[in-house]
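Observations on the three-dimensional arrangement
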Amino acid sequence: MADNPVKISDTTFRDAHQSLIATRLRIEDMEPIAAEMDSMGFYSMEVWGGATFDVTTRFLGEDPWERLRTFRKLIPNTKLSMLLRGQSLVGYRAYADDVVHAFVQHSAETGIDIFRVFDALNDVWNLETAAAEVVKSGKHLQMAICYSVTESGRLGGDIFNLDYFLGKARQFVELGADSIAIKDMAGLLAPYDAFELVTALKAELKVPLQLHTHYTSGMASMTALKAIEAGVDIVDACLSPLALRTSQPAVEPLVVTLRDTERDSGLDFDKLVKMSDYLETALPRYKSFMESPRAAVIDPRVLKHQIPGGMTSNLVSQLREADALDRLDDVLSEIPKTRKDLGYPPLVTPTSQMVGSQSVSNVLFGRYKMVSGQVKDYVYGLYGRPPAPIESEVMQTALKDYEKGQTPISEKPSATLEPEMDRARDAVKDISSDTGDVLIYALYPTTGLKFLHIKHGQEEMPEDMKNVGRVTPTTPAPQKQAAVQETPAASEFARTFNVFVDGERFEVVVDPVGGEERPQAPQGGKPAKQSEKPKQKVKTSHPDAGPDDVVMPAPMPGLLLRYLVEEGAAVNTGDSLVVMEAMKMENTLPATASGTVKKLTLVAGASVKKGDVLAIITP
Ligand code: CO
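Now for a description of the structure that goes with this document. (Residues numbered from 1 in each chain as written. Predicted model: local features only at pLDDT ≥ 70, side-chain atom pairs only at ≥ 80, totals over all residues. Heavy atoms only, no water.)

A count of helices and strands for the protein chain gives 21 helices and 18 strands. For the protein chain, buried positions account for 56% of its 619 residues. Once local pairs closer than 6 in sequence are excluded, the contacts in the protein chain between residues at least 24 apart make up 71%. (Helix = DSSP H or I, 4+ residues; strand = E, 2+ residues; numbered from the N terminus. Buried < 20%, exposed > 50% of the residue type's maximum accessible area, 1.4 Å probe, protein only. Contact = heavy atoms within 4.5 Å.)

Judged by pairing direction, the barrel is parallel, and its eight strands sit side by side in the order β1-β2-β3-β4-β5-β6-β7-β8 before closing back on the first. This sheet shows a mean twist of 30° between the axes of neighbouring strands, independent of strand direction. Alignment of strand β2 (residues 44-49) against strand β3 (residues 79-84), held across five bridges, turns out to be parallel. Within the sheet, the bridge partner assigned to Met45 lies in β3 and is Leu80. Along the sheet face, helix α1 (residues 12-20) touches β1 (7-10), β2, β3 and β7 (209-213) and points at about 60° away from the line of β2. (Pairing = 2+ DSSP bridges. Axes fitted to C-alpha atoms, helices over the stretch in contact; angles between N-to-C directions.)

Here the focus is the coordination of the cobalt ion. Donor atoms from the polypeptide that coordinate the cobalt ion comprise Asp15 (OD), His212 (NE2) and His214 (NE2), at 2.0 to 2.1 Å from the metal. One chain supplies every donor to the cobalt ion, and in sequence these donors are spaced D-x196-H-x1-H. Of the two residues, Asp15 sits in helix α1 while His212 sits in strand β7, which places them 197 residues apart along the sequence. Relative accessible area serves as the criterion here: at 4%, Asp15 is assigned to the buried category. (Donors = N, O, S within 2.8 Å, 3.2 Å for Na, K, Ca; no water.)

This paragraph deals with the packing of helix α4 (residues 64-74) against helix α5 (residues 97-110). Relative orientation of the contacting elements α4 and α5 amounts to 35°, with a least axis distance of 9 Å. In this structure, α4 uses Trp65, Leu68, Arg69 and Arg72 to contact α5, whose residues at the interface are Phe103, His106, Ser107 and Thr110. Tallied by class, the residues present in the contact of α4 with α5 amount to three nonpolar, three polar and two charged. (Nonpolar A, V, L, I, M, F, W, Y, C, P; charged D, E, K, R; others polar.)

Next up on the list: the pairing of strand β18 (residues 613-618). Counting buried positions along β18 gives five out of six residues, so the element sits mostly inside the fold. Summarising the sheet, strand β11 (residues 550-553) and β18 pair through four bridges and their orientation is antiparallel. Considered in β18, the bridge of Val550 is made with Ile617. Bridging between strand β16 (residues 595-600) and β18 involves four bridges; their strand directions are antiparallel. Each residue of the ladder has a partner; that of Thr596, found in β18, is Thr618.

The full count for this structure, using the stated rule, is 13 aromatic pairs. Aromatic ring contacts, followed pair by pair, group Trp48, Phe53, Trp65, Phe103 and Tyr444 into a single cluster. Positioned above the aromatic ring of Phe118 is the side chain of Lys183, whose terminal nitrogen or guanidinium carbon lies 4.5 Å from the ring centre. Sitting over the face of the ring of Trp125, Arg385 holds its NZ or CZ atom 3.4 Å from the ring centroid. (Phe/Tyr/Trp six-rings, centres within 6.5 Å; stacked < 30°, edge-to-face > 60°. Lys NZ or Arg CZ within 6 Å of the ring centre and 35° of its normal.)

What follows concerns the sheet that holds β16. Spatially, β11-β18-β16-β13 is the arrangement adopted by the four strands of the open sheet, whose pairing is antiparallel. Two strands in the sheet have a free side with no partner beyond their single neighbour: β11 and β13 (570-571).

Checked against the element boundaries, Thr213 lands in strand β7. At 2.8 Å, the side chain of Thr213 and the side chain of Asp184 are in polar contact. Each residue touching Thr213, except ones within four places of it in the same chain, is listed here: Asp184, Gly187, Ala220, Ser247, Gln248 and Pro249. (Polar contact = N/O pair within 3.5 Å; in protein donor to acceptor, adjacent residues only side chain to side chain.)

What follows concerns the side chain of Asn362. The residue Asn362 is located in helix α15 (residues 351-365) in this model. Of the residues examined, Asn362 reaches a relative accessible area of 4% and is grouped as buried. At a separation of 3.3 Å, a polar atom in the side chain of Asn362 contacts the side chain of Thr338.

A few words now on the pattern of salt bridges. This structure, assessed with the given rule, holds 30 salt bridges. Residue Glu420 is joined to Arg93 by a salt bridge in which the shortest nitrogen-to-oxygen separation is 2.8 Å. Here Glu420 is found in the loop between α17 (392-399) and α18 (421-427), whereas its partner Arg93 is found in the loop between β3 and α5, with 327 residues between them in sequence. The class of Arg93 is partly exposed, set by a relative accessible area of 35%. Linking Asp544 and Lys599 is a salt bridge whose minimum nitrogen-to-oxygen distance equals 3.7 Å. Of this pair, Asp544 sits in the loop between β10 (504-510) and β11 while Lys599 is found in strand β16, placing the two residues 55 residues apart along the sequence. The exposure class assigned to Lys599 is partly exposed, which follows from its relative accessible area of 28%. Because the salt bridges share partners, they merge into one network encompassing Arg14, Asp15 and Glu46. (Salt bridge = Lys/Arg side-chain N within 4 Å of Asp/Glu carboxyl O.)

Right, let's talk about the environment of Ala22 for a bit. Within the secondary structure, Ala22 sits in the loop between α1 and α2 (27-38). Residues Ala22 and Tyr286, spaced 264 residues apart in sequence, show a C-alpha to C-alpha distance of 9.3 Å.

So, about the environment of Gln353. Topologically, Gln353 is positioned in helix α15. One polar contact links Gln353 to Ser352, side chain to side chain, over a distance of 2.9 Å.

With a phi close to 55°, Leu89 is a non-glycine residue in the positive phi region. By secondary structure assignment, the location of Leu89 is in the loop between β3 and α5. The phi torsion at Tyr368 lies on the positive side, around 60°, for a residue other than glycine. Tracing the backbone through its elements, the reader meets Tyr368 in the loop between α15 and α16 (373-380).

This part takes up the packing of α15 against α16. Between α15 and α16, the least distance of the axes is 9 Å, while the angle of their chain directions is 120°. It follows that α15 is oblique to α16 by the angle criterion. Both α15 and α16 take part in a crossing whose hand is left-handed. Seen from α15, the contacting residues are Thr351, Met354 and Gln358; seen from α16, they are Gln374, Val375 and Tyr378. Split into classes, the residues belonging to the contact of α15 with α16 amount to three nonpolar, three polar and no charged. (Parallel < 35°, antiparallel > 145°, perpendicular 65-115°, else oblique. Left-handed = near helix turned anticlockwise from the far one by under 90°.)

Function cannot be inferred from these measures alone, as they are strictly geometric.
Structural data, given as structure tokens:
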């Protein structure tokens, strides 16, 4: 036995598959090895939280609480850990304190031993309630510091220097932390910086220190080794089939590297390989969720643009929708500028999406010509305090027409929230009174409600939900990418559509090819200009639409969240009419014509295909 064995926390059942196959790994593919993983001697296993809660309910039709119970049953000896996004829990906005209370207590009762709590901005305001609840539950509170750097790419400089991280560690210990983690979500922590940072933190801290890093840039194994040399107590790693790329370092080579040193992990290499062999057989079923195969398993460019793994694919899909994939390099160089403007937020959910989407919009439409709702909320202070001040011009632009006000708040964002649990209990009382179910609804009122209907047999489980991870490898994956074709010049009949992706608006010009009917539509949010050409009727595609009515088609697939007007209301072009959700972002769609709302064609919660009629307006 080594003098000071490094402890290994295994992330295979959570972060590893979240990083590489969009969190789709089903419980049925983890169950066969869960008991053996329990016997491995890991310090802990991260099995829950982060995106697993959302993905199980939204895409897998699987009860996340049941998943946790299954793990607890099969893994009685190893500590189970979860990732918790501070006041945002496992969601994307700050929830009221009573939801935080209920969620932490229920998670503790259901089987979580270690809560790893973080905030994208490392803001204590967003952490203190969750931390206090974990302390109250009697479970292990691990506070994670999001690691970030500025353009230099290294530890130091004016913002993310040693003092910053030591200061955060002190604040976090005051919140009651039983351990501290360095959370390097984009693989930016360089090996020698890790040595310096771990040395300094170990000298300061009385509680254990853990390193969580990602392989994205290719440094993670070296970083882990230097951190171990500097005395880090616990290191995150995972089984090799789900390691490297944007995931964690592989556990097997780490175990061999440390063998017979004073930090020998003591783990059994052969047993680990057996587990990995099993995963090799299960993973091909998830192939369609893997990012497009590149020759390199690492992305050294991340050292420049600092975008965490999952984000790059998000950017690619946004640009593809806007038929602007050729602007990817421009977007990647815009990101550091946008991030600087916004006060250098560390790039992790949700700030990574925010900065990424805003950068796309800055490149496609001009800088801050369009500001997403999320960025407005952020600038207003609803996500907490950024590490550096927000550029004042950007702040003014962002808040110019912002409905909540032009001066940012100067208090804890959640302080303004009313309790939410009673309302949630009431909303689902006809379906269930189970606390887990109520929390699913409280966290995701739309997708959560749909899940509860399915779970309680009030709705059939959709085929695509049943099929995830169960499709045989021979089944062709749906074609996502349309071939980029050479663009002919737009004709006079071309019309401009708004397409919303991830909360961002893209203008797409559509030019009908040789059709007889040339639809007329308002352009760019302004009332339609009367042209010299004879006015043509909009081709209606809804039985309730009369010949003069304007139908409003969905510009993207998604979920209908709510209508903002009632039938019979008078609207003007550009008025907010309906809220849809696509890829976790809310998008408010404006009326495409002025007139009276004749019919709101769908109900809240309906899943919408692109082109489905959302509303009919009589001009
Ligand atoms: Co991670």
